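These are the residues of each chain, in order.
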Amino acid sequence: MGTEDGLHAILQHRRLLELLQRIEERVATDEVEDEAETKVRHADAARLLGELVSLLESHFAVEVATSFPEVRSQRNSEQLEVLARLDAEHPVLLNAFDEVRRMVGDPRVSPRTIELAFARAYAAFRKHEACENALFLELC
Ligand SMILES: [Fe+2]
Ligand SMILES: [Fe+2]
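Residues numbered from 1 in each chain as written. Chains lettered and ligands numbered in written order. Predicted model: local features only at pLDDT ≥ 70, side-chain atom pairs only at ≥ 80, totals over all residues.

Engineer: Residues and numbers for the overall build of the chain, please.
Structural biologist: Broken down by element type, the chain carries four helices and zero strands. Along its sequence from the N terminus, the chain presents helices and strands in the succession α-α-α-α. For the chain, restricting intrachain contacts to residue pairs at least 6 apart in sequence, the fraction spanning at least 24 positions comes to 76%. (Helix = DSSP H or I, 4+ residues; strand = E, 2+ residues; numbered from the N terminus. Contact = placed C-beta atoms within 7 Å.)

Engineer: I'd like a rundown of the nonpolar core, residues and numbers included.
Structural biologist: Core analysis: the largest hydrophobic core is formed by 16 residues, its most contacted members being I23, L49, V100 and F118. Counting residues per element, the ones that place at least two in this core are α1 (3–27), α2 (35–74), α3 (77–104) and α4 (111–139). In terms of residue count, the dominant contributor to this core is α4 (five residues). Non-local contacts of L49, meaning those with residues more than four positions away in its chain, are made with I23, F97, V100, R101 and V104. (Core = buried A, V, L, I, M, F, W, Y, C linked by C-beta atoms within 7 Å. Buried ≥ 20, exposed ≤ 12 C-beta atoms within 10 Å, placed from the backbone.)

Given below as structure tokens:
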């Protein structure tokens, strides 16, 4: 991967993080006044989660298509191990966010359960991306 690809990947990560922060704010339960407000916030969260899932789908596809073959060709066993783990995490992360999107639209799921499910998915994503950024920078 060249420097440009590495920078592009990092910029994409920033855009994803902005979107994630907006969703986090919409599903937060600490300052919500009533049920009507929760409904409005959750409708917004559902829309943003839909956007996030499709952005992640293309983000992961681009990573696999452009950055990953480059790493694979280097045949550094430590990097290959990290890469295999990152690769396997993509569908897991997508499912986790899609599950939150489904929960937000289900009136039987409590706002607190949604908040916690999102926090778990977000933490897993942050860990994934931090590891990826480190790997990209190593190769630039
Ligand atoms: Fe990734
Ligand atoms: Fe990524």
